[in-house]
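The residues making up each chain are set out below.
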Amino acid sequence: MKNVKILWFIIILLLALSGFLVKKFIIGGSNVVASSDGRSAVIMTKDERDFVLKEMRAFLSSVQGVSQAITENDMVKVADLAHKAGMAAEANTPTELLAKIPLAMKKLGFGTRGKFDEIAETAKTSKDPIVARKQLDTLMQNCIACHAIYRLPEPQK
Ligand code: HEC
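What counts and what doesn't
- Residues numbered from 1 in each chain as written.
- Predicted model: local features only at pLDDT ≥ 70, side-chain atom pairs only at ≥ 80, totals over all residues.
- Heavy atoms only, no water.
- Helix = DSSP H or I, 4+ residues; strand = E, 2+ residues; numbered from the N terminus.
- Expected span 1.5 Å × (residues − 1).
- Buried < 20%, exposed > 50% of the residue type's maximum accessible area, 1.4 Å probe, protein only.
- Contact = heavy atoms within 4.5 Å.
- Salt bridge = Lys/Arg side-chain N within 4 Å of Asp/Glu carboxyl O.
- Donors = N, O, S within 2.8 Å, 3.2 Å for Na, K, Ca; no water.
- Tetrahedral: all angles 85-135°; square planar, octahedral: opposite > 155°, others 65-115°.
- Axes fitted to C-alpha atoms, helices over the stretch in contact; angles between N-to-C directions.
- Parallel < 35°, antiparallel > 145°, perpendicular 65-115°, else oblique.
- Left-handed = near helix turned anticlockwise from the far one by under 90°.
- Nonpolar A, V, L, I, M, F, W, Y, C, P; charged D, E, K, R; others polar.

Draft legend 1. Molecular detail of helix H2 (residues 46-71). Compared with an ideal rise of 1.5 Å per residue, which puts 26 residues at 38 Å, H2 spans 38 Å between its outermost C-alpha atoms and is within 8% of the ideal. Those residues of H2 that fall on the buried side of the exposure criterion are Glu48, Arg49, Val52, Phe59, Ser62, Val63, Gly65, Val66, Ala69 and Ile70. Looking at the buried residues of H2, the elements they touch are helix H3 (75-85), helix H4 (95-100), helix H5 (103-124) and helix H6 (129-149). Residue Asn73 follows H2 closely and has a positive phi angle near 55 degrees.

The following block contains the structure:
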């Protein structure tokens, strides 16, 4: 009888712990506040914000590079640039930062990485620039969607 109680205690403890971890690392968003311009402000430290904005500038440069390579029908370059901007680039994102990003924003972010990987795949398989161009057009809808919803205010000193 005593053992059963201990087992139940352990089960409830584990459930509570996994619930906490899911909330903290997967759902996130406890650090999101309303912004004066109607968007949601995601509060990060200065270093985290600098990291994300640097990734954003890299995104813009990837979009430009991939677009130009498609125009020049250089599918080897398309594959290379798109692969670098794809999920491979997520390897160096700190876990604590991921935990601060709300789930819907993570979906848009990973979705964008996934779309870069799809472009890389097209460039290696069908090598059709029109298909790759259409995929890039769709990918950019993610940039627009996320910017319409979220902002990253500069931390107050
Ligand atoms: C998951 C959400 C998300 C996606 C997807 C996203 N961005 Fe951003 N981006 C942001 C946020 C949030 C900011 C900060 C905006 C603000 O504070 O007003 C930002 C800022 C930027 C900036 C400004 C960087 C700076 O130094 O201030 C650029 C450039 C940018 N994004 C380009 C892009 C491009 C290009 C894409 C698509 C390939 C993209 N972003 C996709 C969320 C996103």
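Okay, back to it.
Draft legend 2. Highlighting the environment of Asp80. Summarising the element assignment, Asp80 is placed in helix H3. Given a relative accessible area of 35%, Asp80 falls into the partly exposed group. Sequence separation between Asp80 and Ala123 is 43 residues; the distance between their C-alpha atoms is 9.0 Å.

Draft legend 3. Focus on the pattern of salt bridges. Taken as a whole, this structure holds six salt bridges when the rule is applied. Its salt-bridge partner being Arg39, residue Asp37 comes within 3.0 Å of it at the nearest N-O pair. A relative accessible area of 41% means that Asp37 is categorised as partly exposed. Ionic pairing is found between Glu90 and Arg113, a salt bridge with its closest N-O pair at 2.9 Å. In this pair, Glu90 sits in the loop between H3 and H4 while Arg113 sits in helix H5, placing the two residues 23 residues apart along the sequence. Given a relative accessible area of 15%, Glu90 falls into the buried group. Residues joined by salt bridges that share partners form a network here, namely Glu55, Glu90 and Arg113.

Draft legend 4. View of the coordination of the iron atom of the ligand. Binding of the iron atom of the ligand to the protein goes through Met56 (SD) and His147 (NE2), at separations of 2.0 to 2.2 Å. Coordination geometry of the iron atom of the ligand: the six donor atoms subtend angles of 86 to 179 degrees at the metal centre, consistent with an arrangement described as octahedral. You can see Met56 sitting in helix H2 and its partner His147 sitting in helix H6, a full 91 residues away along the chain. With relative accessibility at 33%, the residue Met56 sits in the partly exposed group.

Draft legend 5. Examining the packing of H3 against H5 more closely. At their nearest, the axes of H3 and H5 sit 8 Å apart, and the two run at 155 degrees to each other. When the axes of H3 and H5 are compared, the pair comes out roughly antiparallel. With respect to the hand of their crossing, H3 and H5 are arranged in left-handed fashion. On the side of H3, the interface is formed by Met75, Val78, Ala79, Ala82, His83 and Ala85, while H5 contributes Arg113, Phe116, Asp117, Ile119, Ala120, Ala123 and Lys124. Split into classes, the residues belonging to the contact of H3 with H5 amount to nine nonpolar, one polar and three charged.

Fair warning: the whole summary comes from geometry, so function is off the table for now.
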